[in-house]
Structures are given as C-alpha cells and as structure tokens.
Amino acid sequence: MRLDRSHVEVHTGWRLAPLIAASVATGCLSEFPPAEPGPYPDDGLAYDTDSRTFYVRPSGDDANSGLTTTDSWRTIDRVNEEDLEPGDVVLFEGGAAFAGGLKLDAADGGTPSARLRVSSFGNGRAIIEAGAGDGIAITDASHILVEKLIIAGAWNADEQSGNDGEGVNASGTASGQRRTDLQLRALEVRGFKRAGIGL
C-alpha cells in the first residue's frame, strides 16, 4: 500500500495482525498534546518497563551510554548502530532536528508483550531530517510503535528533485514472513517523493 501524498498526518494507529495498518488524515500540529515526559505512555499498550530507554539530544555524545538525558547520544547513526531489544525505547529531544534516516531491522523488533517504541521527549516533537532518502525504514521487524515525530524529506515539488524516498518505509524481505503490529501515530510526514507512508 502506498499513500502518495507529500504531506500526511498520521493521527492514530491500531493493531491488525498479521497486517500493518494506520489511520491517516490531514490535520494541524496543534491538535496533538506535548510529548509525554516519561518513556512509557498511559495508552493501554504493552511495554517492558525493565528494558532500556535511550535518549538522543543535539548536545549529546555518541560515545555516551545514551541511557539518561545527561548521558545521551547525539545522532541517528548511533541509534542505527545499536541492536535494539524488545521493550527498548528510543526518545529524541522534542523541538530538535536530527539528520539522517532511522533504520530498524529484524534485530530491532519487539514482541507482543515488549513493544519497541520510538518517540520524542520534552517539549514538542523531534524532527527527523531525512534529506534525499527514507525517513524511517523498517525491514523485517514487528511490534513497533513510532509516534510524536516530524519526519521531513528534502523533496522540492517545484524543481521535482531533492528526495527519492518515503517518510516511513515498512517492508519484508524474507519469503513468507508477515510483519505484525506496526503502529504509527501523531506523526507529521512531509517532503518525500515516493510516499509519506509506504507499507
């Protein structure tokens, strides 16, 4: 499924095993509450509170542990290097911009009782500045929640150039493998040539 819109708002997501589903509509940023300060939202979904929470801030350092706001990572590249475990949470600082594309693969997925979560913390939503590529690429991974982010590509409609990707690209490469429980909500996706959300 391809949602061929250069600017989409993903307001809510829901589980539709074994398929991936998302509710997509346009709307304005002011409809969304600020990102919650803690790593686990009160939304009725399953999270493993014994797992790790990683923080990413422009003032951080990729040599840090990433496990506290004062010992945070700095870049998306550092997140991509980590083999995220079921139940882990990755929080980008709200209002800040981070260059590059986030990549989640089979080694990074969650489980039904320990979902992997990617979100913002602090005030507002973090911005994933993907440039010419995909904003978030999810490959062969299930049980993931992505929320409260702005995902921006560099597509220029007037010049018909600047980006050749998708805001969120979810795909499977293994024959017969079915991805389940991918939830996308409170996302603003813009500036991508191929699609805002590609499932």
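Residues numbered from 1 in each chain as written. Predicted model: local features only at pLDDT ≥ 70, side-chain atom pairs only at ≥ 80, totals over all residues. Heavy atoms only, no water.

Tallying secondary structure elements over the chain gives one helix and 14 strands in all. Counting across all 199 residues of the chain, residues that qualify as buried make up 50%. For the chain, the share of sequence-separated contacts (at least 6 apart) that also reach a separation of at least 24 residues comes to 72%. Carbon together with sulfur atoms contributes 47% to the accessible area of the chain, which is approximately 8,800 Å² in total. (Helix = DSSP H or I, 4+ residues; strand = E, 2+ residues; numbered from the N terminus. Buried < 20%, exposed > 50% of the residue type's maximum accessible area, 1.4 Å probe, protein only. Contact = heavy atoms within 4.5 Å. Areas by Shrake-Rupley, 256 points an atom, 1.4 Å probe, with all protein chains shown as cover.)

Glancing now at the nonpolar core. In this structure, Phe-92, Ile-138, Val-146, Leu-149 and Ile-151 are the most contacted members of the largest nonpolar core, which totals 33 residues. Discounting residues that sit within four places of it in the chain, Ile-151 has contacts with Ile-128, Gly-135, Ile-136, Gly-167, Val-168, Leu-187, Glu-188, Val-189, Arg-190 and Phe-192. (Core = buried A, V, L, I, M, F, W, Y, C linked by side-chain atoms within 4.5 Å.)

Moving on, we get to the confidence of the model for the chain. Atom-level detail of predicted coordinates should not be read off regions where pLDDT is low. Mean pLDDT over the chain: 80, with 72% of residues reaching 70 or higher. Across residues 1-37, confidence stays below pLDDT 50; counting only partners more than four residues off in sequence or on other chains, it has 105 contacts. (pLDDT = per-residue confidence, 0-100.)

What follows is about the pattern of salt bridges. Should the charged atoms of two oppositely charged side chains come close, the side chains can pair. Going through the model one piece at a time under the given rule, you end up with eleven salt bridges. Two residues, Arg-52 and Glu-82, come together in a salt bridge whose shortest N-O distance is 3.1 Å. Of the two residues, Arg-52 sits in the loop between strand 3 (22-25) and strand 4 (53-56) while Glu-82 sits in the loop between helix 1 (76-81) and strand 5 (89-93), which places them 30 residues apart along the sequence. Its salt-bridge partner being Arg-194, residue Glu-166 comes within 3.7 Å of it at the nearest N-O pair. Residue Glu-166 is located in strand 12 (residues 166-171), and its partner Arg-194 is located in the loop between strand 13 (182-190) and strand 14 (195-198); the two are separated by 28 residues in the primary sequence. Residue Glu-166 is classed as buried on the basis of its relative accessible area, which comes to 0%. For Arg-194, a relative accessible area of 37% gives the class partly exposed. (Salt bridge = Lys/Arg side-chain N within 4 Å of Asp/Glu carboxyl O.)

Let's shift gears to the pairing of strand 9 (residues 126-131). Here strand 6 (residues 97-99) pairs with strand 9 via three bridges, running parallel. Its bridge partner lying in strand 9, Ala-97 is registered against Ile-127. Pairing between strand 9 and strand 11 (residues 144-153): five bridges, direction parallel. Residue pairing across strands places Ile-127 opposite Ile-150, the latter belonging to strand 11. (Pairing = 2+ DSSP bridges.)

Note on placement: Gly-167 falls in strand 12. Gly-167 gets classed as buried once you look at its relative accessible area, which sits at 0%. Spatially, the C-alpha atoms of Gly-167 and Gly-196 are 4.6 Å apart, while their sequence positions differ by 29 residues. Apart from the residues lying within four places of it in its own chain, the contact partners of Gly-167 are Gly-135, Ile-136, Ile-151, Val-189, Phe-192, Ala-195 and Gly-196.

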